[in-house]
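Chain and residue survey
The lines below spell out each chain.
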Amino acid sequence: QVQLVESGGGLVQAGDSLRLSCAASGRTFSTYAMGWFRQAPGKEREFVAAISGSGRYTNYANSVKGRFTISRDNAKNTVYLQMNNLKPEDTAVYYCAADQKYLIPTVANKYDYWGQGTQVTVSS
């Protein structure tokens, strides 16, 4: 069982940066691929970024490529999402997720554990 707690969301202006963190419980964090997803009101949950257990492999949605960076610190059981040049369309609740079965899954139903989410609001 893995428990995930996100933090770092907030209200920012377009062009600003935010760094989200997701702290995980447990002693086997490095065996989990980690992903970030987001869900805007009235929309489906969508993939943002994923990172393999070792941190060697990453994957990004086209909409955030070049602006967002996913990273992890396995010694701290934490995964990060650095978000630069934020846009109003990035406004959503951001969730982190953990999976032990796949290398860097990009589909929500591949993940077994989810955090409660953190709100990111970008004003124009």
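Here goes a summary of the coordinates provided.

Rules of the game
Residues numbered from 1 in each chain as written. Predicted model: local features only at pLDDT ≥ 70, side-chain atom pairs only at ≥ 80, totals over all residues. Heavy atoms only, no water. Helix = DSSP H or I, 4+ residues; strand = E, 2+ residues; numbered from the N terminus. Rg over C-alpha atoms; globule rule 2.2 N^0.38 Å. Contact = heavy atoms within 4.5 Å. Areas by Shrake-Rupley, 256 points an atom, 1.4 Å probe, with all protein chains shown as cover. Lys, Arg positive; Asp, Glu negative; His and termini not counted. Charge placed at Lys NZ, Arg CZ, Asp CG, Glu CD. Disulfide = S-S within 2.5 Å. Pairing = 2+ DSSP bridges. Axes fitted to C-alpha atoms, helices over the stretch in contact; angles between N-to-C directions. Buried < 20%, exposed > 50% of the residue type's maximum accessible area, 1.4 Å probe, protein only.

A tally of helices and strands in the protein yields zero helices and eleven strands. Written out in order from the N terminus, the α and β elements of the protein read β-β-β-β-β-β-β-β-β-β-β. At 13 Å, the protein has a C-alpha radius of gyration in line with the 14 Å of a compact globule built from 124 residues. Counting contacts in the protein only where the partners sit at least 6 residues apart, residues at least 24 apart contribute 59% of the total. Total accessible area computed for the protein in this model is approximately 6,400 Å², and 45% of it derives from carbon and sulfur atoms. Averaging the positions of the 13 positive and the 9 negative side-chain charges in the protein gives two centres separated by 6 Å.

With the rule as written, the count across this model stands at one disulfide. Between Cys22 and Cys96 runs a disulfide, and the two sulfur atoms are separated by 1.9 Å. Judged by the sign of its S-S torsion, about 45 degrees, the bond between Cys22 and Cys96 is right-handed. A residue pair is termed long-range when its members are at least 10 positions apart, and Cys22 in strand β3 (residues 18-24) and Cys96 in strand β9 (residues 92-99) qualify at 74 residues.

It is worth spelling out the sheet that holds strand β7 (residues 68-73) at this point. Strand pairing in a sheet relies on backbone hydrogen bonds. The paired strands run either parallel or antiparallel. Here we have four strands laid out as an open sheet, ordered β1-β3-β8-β7, and antiparallel in their pairing. One side of each edge strand has no neighbouring strand; the edge strands of this open sheet are β1 (4-7) and β7. Pairs of neighbouring strands in the sheet enclose a mean axial angle of 15 degrees, with direction left out of account.

Among the structural elements, Asn77 can be located in the loop between β7 and β8 (78-83). The exposure class of Asn77 is buried, given its relative accessible area of 16%. Once residues within four sequence positions are removed from consideration, Asn77 is found in contact with Cys22, Ala23, Ala24, Ser25, Gly26 and Phe29.

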